[in-house]
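# Inside the fold
The lines below spell out each chain.
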Amino acid sequence: FSTSASLEEPIAPAVEVQHSKLLINGKFVDSASGKTFPTLDPRNGEVIAHVAEGDAEDIDRAVLAARKAFDEGPWPRMSAYERSRIILKFADLVEKHNDELAALETWDNGKPYEQAAKSEVPMFVRLFHYYAGWADKIHGLTVPADGPHQVQVLHEPIGVAGQIIPWNFPLLMFAWKVGPALACGNTIVLKTAEQTPLTALYVAKLFHEAGLPPGVLNIVSGFGPTAGAALASHMDVDKLAFTGSTETGKVVLELAAKSNLKPVTLELGGKSPFIICEDADIDKAVELAHFALFFNQGQCCCAASRTFVHERVYDEFVEKAKARAMKRVVGDPYKKGVEQGPQIDSEQFNKVLKYIKSGVESNATLECGGERFGSKGYFIQPTVFSNVQDNMLIAEDEIFGPVQTILKFNDINEVIQRANKTRYGLAAGVFTRNIDTANTVSRALKAGTVWVNCFDVFDAAIPFGGYKMSGIGREKGIYSLNNYLQVKAVVTPLKNA
Ligand code: ADP
């Protein structure tokens, strides 16, 4: 594998942690218990900062602030245009702090700085511009009904939204959740992931500078079983949105049901198939399949973690996929040209290594990698397995790491069936020059997104979400607004009887 040893020095600006407290009612405050927890640098396990640790009592305080801001505050009452202006101003402020914010994201998460600076922060800005554009275009309907009645259907904000986000894309997950909720006029209590609490606090400060009224966006850092569970089961939270593992998704859905039956949207795990047909340009397919799996250290819910390759091009593909993985530049994510940083924490690091061991034990062929990279931090060598069979654990479970598994197929109908034989259904890809194949496969796959001759194309306007155990509901695009709107029918007789 390439290392970053010969690469240039760090390219990111120096950054300090300015905010580590909870954000409740527009103010940074200590947690009720006074407790803190450390957030760690995944490059070396060192403490970046001690962050206020919220739990049930802090969630109560935050929900109360959000409730008040919703019931009495200006946010849901101001004109949609004014809301839109504040969101736009916020996005513009973030854009000005692009590099500093990207540097902080890399520090807390370990992702390559260039990825954060050139793609994720700009995408964050784009998402808020997109949702600012929706704010004043959300409206109801009038519907024709039988009988002499006028029927208006009003679209109202739903109230206090509870949002729980993961650590793999801390900023983008913030944008996917907060953007639509605010555009629709809701107020929010957001629980960040315990591994990556820092950038949400940074941008929340900017949101208030842009004019967001206090109590509209409250942020509680803390752990899942305490803060997260308190939010999911809160009686005064009107809607819950969650992104994370399928296992935890089931827990929060149950908590929501057992408390006040708040509606829940879930964006969960995946085991996405990527089908490489015999007519594909192999060099391009290798590069795309590599990107589709290894992007973000393999820590993507939609990672193409089952690469199905047609038997006629299989050997060539495996050889080239291995060569590409061995060229992958692993190292300090702050350095120029680095493609892969560390995994997020020791738990994920150990989990991925355990899956690699299971792949070897089940007699898949380890083409390259398989070990930790270097001697400190949570780096893992880019790993490629060939001769993977459908019933191996590495072909069934979500690994969430830099481990490519390559499977062989010989018939398109066979591979469709195999691709669909999973509990997940988040995303899928197909690589072919044949339009009939592309159409057949994309319609037959049971997945919320099918990328044809591309992968990981994200856009604010494209809906994203899962079939089966990959989730409930869609985020981004017009579909995301429905998650944050209540529908009210107002029925009035045309003439009083
Ligand atoms: P991972 O295993 O990748 O950390 P999780 O699904 O456990 O994924 O975490 C995603 C988010 O869910 C995080 O913010 C985490 O704190 C939160 N979480 C974890 N457990 C619970 C729980 N029991 N209730 C509510 N939220 C939880």
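Parameters and conventions
Residues numbered from 1 in each chain as written. Predicted model: local features only at pLDDT ≥ 70, side-chain atom pairs only at ≥ 80, totals over all residues. Near = placed C-beta within 6 Å. Helix = DSSP H or I, 4+ residues; strand = E, 2+ residues; numbered from the N terminus. Nonpolar A, V, L, I, M, F, W, Y, C, P; charged D, E, K, R; others polar. Pairing = 2+ DSSP bridges. Axes fitted to C-alpha atoms, helices over the stretch in contact; angles between N-to-C directions. pLDDT = per-residue confidence, 0-100. Buried ≥ 20, exposed ≤ 12 C-beta atoms within 10 Å, placed from the backbone. UniProt positions renumbered as here; feature names shortened; annotations may be inferred. Contact = placed C-beta atoms within 7 Å. Core = buried A, V, L, I, M, F, W, Y, C linked by C-beta atoms within 7 Å. Expected span 1.5 Å × (residues − 1). Bend = angle between axes of the 7 residues up to and from the residue.

Time to look at the site of the ligand. Taken together, 17 residues form the shell around the ligand, and within it Gly 224, Gly 228, Gly 244, Ser 245 and Thr 248 come nearest. With 5 residues, helix H7 (residues 224–232) is the largest single contributor of residues to the shell around the ligand. Grouping the amino acids of the shell around the ligand by side-chain chemistry returns 10 nonpolar, 5 polar and 2 charged.

To continue, consider the sheet that holds strand S22 (residues 485–493). Taken together, the 3 strands give an open sheet; going across it, the order is S6-S7-S22, and neighbouring strands pair in antiparallel fashion. Each end of this open sheet is capped by a strand with a single partner; those strands are strand S6 (141–144) and S22. On average, each strand axis in the sheet is inclined to that of its neighbour by 25 degrees, with strand direction left out of account.

What follows deals with the confidence of the model for the protein. In this model, the protein carries a mean pLDDT of 97, and residues with pLDDT of at least 70 account for 98%. Here the complex is predicted with pTM 0.97, and the ipTM for its interfaces comes to 0.99.

What follows covers the pairing of strand S17 (residues 383–386). Alternating residues of S17 divide into Thr 383 and Phe 385 and Val 384 and Ser 386, and every residue in both groups is buried. Sheet analysis places strand S16 (residues 365–368) next to S17, joined by 3 bridges and oriented antiparallel. Residue pairing across strands places Cys 368 opposite Val 384, the latter belonging to S17. Where S17 lies against strand S18 (residues 403–409), 3 bridges are found, and the strand directions are parallel. Looking at S18, one finds that Phe 385 is bridged to Thr 405.

Next up on the list: the UniProt feature "active site" (unreviewed entry) in the protein. Taken from the UniProt record, the annotation "active site" (unreviewed entry) applies to Glu 267. Residue placement: Glu 267 occurs in strand S12 (residues 264–267). The contacts of Glu 267, once residues within four sequence positions are left out, are Thr 243, Cys 301, Gly 465, Gly 466, Gly 471 and Glu 475.

Of all 5 residues that make up strand S19 (residues 427–431), 5 are buried, and the element is covered over most of its length. Strand direction decides the pairing type here: strand S13 (residues 273–276) and S19, joined by 3 bridges, are parallel. From the neighbouring strand, Phe 274 faces S19, where its bridge partner is Gly 429. Taken together, the 4 bridges between S19 and strand S20 (residues 449–452) define a ladder with parallel strand orientation.

Following the UniProt record, the feature "domain: Aldehyde dehydrogenase" (unreviewed entry) maps to residues 28–490 here. From the first C-alpha to the last, residues 28–490 spans 41 Å; its make-up is 40% helix and 20% strand.

We now examine the nonpolar core. With 147 residues, the main nonpolar core has Ile 87, Phe 128, Val 189, Ile 275, Ile 276 and Ala 289 as its most contacted residues. Once residues within four sequence positions are removed from consideration, Ile 275 is found in contact with Phe 308, Val 415, Ala 419, Gly 429, Val 430, Phe 431 and Val 441.

On to helix H4 (residues 113–135), then. Taking 1.5 Å per residue as the helical rise, H4 with its 23 residues ought to reach 33 Å, and the 32 Å between its terminal C-alpha atoms agrees with that figure. The sharpest bend along H4 reaches about 30 degrees and sits at Glu 120, with the proline Pro 122 one to four residues further on.

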